[in-house]
Amino acid sequence: PFDWFPCWVLRHLWKKQGALALQAAVAVKQVQEKMPVLDQKVLRELKEIMDDDYLSLLRTYLRNAPQLLAQARAAIDQNNVEAMVLPVHSLKSSSANVGAMNLSELARDAEQQARAGDLAAATAVFRAVESAFSEAEAALQAQVAGDSAT
């Protein structure tokens, strides 16, 4: 006789992960609607504190953040949710430091999902992280160009 129980368990798990991924996608949308790409107050404070090193910090972020994204993407591609934690954690912190608060919040959400071991939900949130990074990257490049000219 055929045992349907393993099939039922797999179906149940798939439904549960799909629901978590949907919840993550809704949370991502809510975060994106609340925040500007860059928090100008954070950038002003950073500029006051860092003075001459301000632009160097922004350029360092723009150089290093894509590497963190690549590490997280590689972890996803390898179905290794544990390996995703460190790069999204670092992206969360460094993004907050340069005023990319929306990106930081999304990275936080991806980190939480990864720490919970939910690859489907972490992947869903990470798609939004990649999109938010594209926006933040463009805004920071414009910020660097504008501040370099003055």
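See the structure above.
Residues numbered from 1 in each chain as written. Predicted model: local features only at pLDDT ≥ 70, side-chain atom pairs only at ≥ 80, totals over all residues. Heavy atoms only, no water.

As a packed pair, helix α3 (residues 54-77) and helix α4 (residues 81-97) sit with axes 8 Å apart at the nearest point and diverge in direction by 155 degrees. Relative to α4, the element α3 is oriented roughly antiparallel. Seen from above, α3 lies across α4 with left-handed handedness. On the side of α3, the interface is formed by Tyr61, Ala65, Leu68, Leu69, Gln71, Ala72, Ala75 and Ile76, while α4 contributes Ala83, Met84, Pro87, Val88, Ser90, Leu91, Ser94 and Ser95. Taken together, the residues of the contact of α3 with α4 sort by class into 12 nonpolar, 4 polar and no charged. (Axes fitted to C-alpha atoms, helices over the stretch in contact; angles between N-to-C directions. Helix = DSSP H or I, 4+ residues; strand = E, 2+ residues; numbered from the N terminus. Parallel < 35°, antiparallel > 145°, perpendicular 65-115°, else oblique. Left-handed = near helix turned anticlockwise from the far one by under 90°. Contact = heavy atoms within 4.5 Å. Nonpolar A, V, L, I, M, F, W, Y, C, P; charged D, E, K, R; others polar.)

If you look at the biggest cluster of nonpolar residues, it comprises 37 residues, and the most contacted ones within it are Tyr61, Met84, Leu91, Leu103 and Val129. Mapped onto this core, the elements with two or more residues apiece are α2 (40-50), α3, α4, α5 (101-115) and α6 (119-149). Excluding residues within four positions of it along the chain, Val129 makes contact with Leu69, Leu91, Leu103, Leu106, Ala107 and Ala110. (Core = buried A, V, L, I, M, F, W, Y, C linked by side-chain atoms within 4.5 Å. Buried < 20%, exposed > 50% of the residue type's maximum accessible area, 1.4 Å probe, protein only.)

For the rest of this paragraph, the subject is the packing of α2 against α3. Orientation of α2 relative to α3, taken along the N-to-C sense of each, is 120 degrees, at an axis distance of 8 Å. On the basis of the axis angle, α2 is oblique to α3. Two secondary-structure elements touch here, α2 through Leu43, Leu46, Lys47 and Met50 and α3 through Tyr54, Leu57 and Leu58.

This part covers α4. For an α-helix, 3.6 residues make a turn, and residues three or four places apart therefore share a direction. Between its first and last C-alpha, α4 extends 25 Å over 17 residues, near the 24 Å set by a 1.5 Å rise per residue. Buried within α4 are the following residues: Val81, Met84, Val85, Pro87, Val88, Leu91, Lys92 and Ser95. Close packing links the buried residues of α4 with α3, α5 and α6. (Expected span 1.5 Å × (residues − 1).)

Evaluated as defined, the whole model comprises 7 salt bridges. A salt bridge links Glu105 to Arg108; its shortest N-O distance comes to 2.8 Å. Highlighted residues: Glu105 and Arg108, both in helix α5, separated by 3 residues, approximately one helical turn. Glu105 gets classed as partly exposed once you look at its relative accessible area, which sits at 24%. Salt bridges sharing partners connect three or more residues here, namely Arg73, Asp77 and Glu130. (Salt bridge = Lys/Arg side-chain N within 4 Å of Asp/Glu carboxyl O.)

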